[in-house]
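One letter stands for each residue in the lines below.
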Amino acid sequence: TKAFLALTRFSKKVIGMLPGRFSDMNFDLLEIAAWQTYIRRKKKEDEQLVRQLIENDHGLLIDGIRDAWKDAHEGKGHLLAVEKDYHCQGFQLPDHDELLLQRPRKPYSVIPDVVDDLVETVNRKNGKIVFMDTGELASLGHLALILRY
């Protein structure tokens, strides 16, 4: 592996190494190990990016599900960071875009999982989604939306 790194022009792209020889390794196990290495690296990079964006907030950070809902539906969401186990039910009045978190007295429709809908909305509008471990965004209401502008 050191010889490969010395020869290749892609050494900076290597994110992990597995010991042994490929000829001695089961391809399925090699695939699983490589995928796990990639997932760990991607998760670390995503979490680092989110922390950086939160720390360097220039008025583009929205926390709390109601404000994130509004801005995401307006297409302003660049990156949504959300705790992976966070779920929330919501409500909407007919002909109103506002998200309600408590059951209104007037006729309403139920949004079974607001977080799932928010993830789909940001994704549909070409935003990026990053799932964080439970509790990492508790101080921000369990999610943060970084705006495009």
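One structure accompanies this document, and this report is about it. Just so it is clear, the structure is predicted and the values come from calculations on it, not from any experiment.

### Considerations on unusual backbone geometry
Next, step 1: A positive phi angle is found at Asp95, which is not glycine, with a value near 60°.
Next, step 2: Structurally, the position occupied by Asp95 is in the loop between β3 (90-92) and β4 (109-111).
Next, step 3: Take Asp95: its relative accessible area is 81%, and that puts it in the exposed class.
Next, step 4: Positioned with a positive phi, His142 is a non-glycine residue whose angle comes to about 75°.
Next, step 5: Within the element layout of this structure, His142 appears in the loop between β5 (128-132) and β6 (143-147).
Next, step 6: Given the relative accessible area of 28%, His142 is considered partly exposed.

### Topic: helix α4 (residues 114-124)
Next, step 1: Those residues of α4 that fall on the buried side of the exposure criterion are Val114, Val115, Leu118, Val119, Thr121 and Val122. Buried residues of α4, viewed axially, fall in a sector of 165°; they line one side.
Next, step 2: On its buried side, α4 packs onto α3 (65-73), β2 (77-83), β3, β4, β5 and β6.
Next, step 3: The backbone nitrogen of Val115 lies 3.2 Å from a side-chain oxygen of the residue at the head of α4, namely Asp113.
Next, step 4: One or two residues past the end of α4 sits Asn126, with phi positive at roughly 65°.

### Observations regarding the nonpolar core
Next, step 1: Ranked by internal contacts, the top residues of the largest apolar core, which has 20 residues, are Ile65, Leu80, Leu118, Leu143 and Leu145.
Next, step 2: Broken down by secondary-structure element, the contributors of at least two residues to this core are α3, β2, α4 and β6.
Next, step 3: Considering every element that reaches this core, the biggest residue donor is α4, with 5 residues.
Next, step 4: Discounting residues that sit within four places of it in the chain, Ile65 has contacts with Tyr86, Cys88, Leu99, Leu101, Val114, Val115, Leu118 and Leu143.
Next, step 5: Ala81, Val130, Met132 and Ile146 belong to the second largest nonpolar core, which has 10 residues in total.

### A word on the packing of aromatic side chains
Next, step 1: Counted by the stated rule, this structure contains 2 aromatic pairs.
Next, step 2: Between Phe91 and Tyr108, the ring centres sit 5.4 Å apart and the planes meet at 90°, which makes this aromatic pair edge-to-face. In this pair, Phe91 is assigned in strand β3 and Tyr108 in the loop between β3 and β4, connecting sequence segments 17 residues apart.
Next, step 3: Residue Phe91 is classed as buried on the basis of its relative accessible area, which comes to 3%.

### Some thoughts on helix α2 (residues 27-55)
Next, step 1: Its 29 residues give α2 an end-to-end C-alpha distance of 42 Å, which sits within 8% of 42 Å, the value for a rise of 1.5 Å per residue.
Next, step 2: When α2 is considered as a whole, its buried residues turn out to be Leu30, Thr37, Asp46, Glu47 and Val50.
Next, step 3: Next to the buried residues of α2 lie β2 and β5.
Next, step 4: Backbone nitrogen of Asp28 and a side-chain oxygen of the N-cap are separated by 2.7 Å at the start of α2; the cap is Asn26.

What counts and what doesn't
- In this numbering scheme, every chain counts its residues from 1 along its sequence in written order.
- For a predicted model such as this one, the threshold for reporting local features is a pLDDT of at least 70, and the threshold for listing and counting side-chain atom pairs is 80 or more; totals across whole chains, interfaces and linings nevertheless cover every residue.
- Where side-chain values are given, they derive from all heavy atoms of the structure, hydrogens and water being excluded.
- Think of it this way: any DSSP run of H or I at least four residues long counts as a helix, any run of E at least two long counts as a strand, and we number them from the N terminus.
- Only protein chains enter the accessibility calculation, which uses a 1.4 Å probe; a residue is then buried when its area is under 20% of its type maximum, exposed when over 50%, and partly exposed in between.
- Arc, as used here, means the arc of the directions from the helix axis to the C-beta atoms.
- Contacts: residue pairs with any heavy atoms within 4.5 Å of one another.
- Side-chain atoms alone can form a polar contact between residues adjacent in sequence; in general such a contact is a pair of N or O atoms within 3.5 Å, and within protein one must be able to donate a hydrogen while the other accepts it.
- Within this scheme, the nonpolar core is defined by two criteria: the residues are buried Ala, Val, Leu, Ile, Met, Phe, Trp, Tyr or Cys, and they are joined through side-chain atoms within 4.5 Å.
- Any two of the Phe, Tyr and Trp rings considered here, Trp counted by its six-membered ring, make a pair once their centres fall within 6.5 Å; the pair's planes then place it as stacked at under 30 degrees, edge-to-face at over 60, or tilted in between.
- For a helix, the expected span equals 1.5 Å multiplied by the number of residues minus one.

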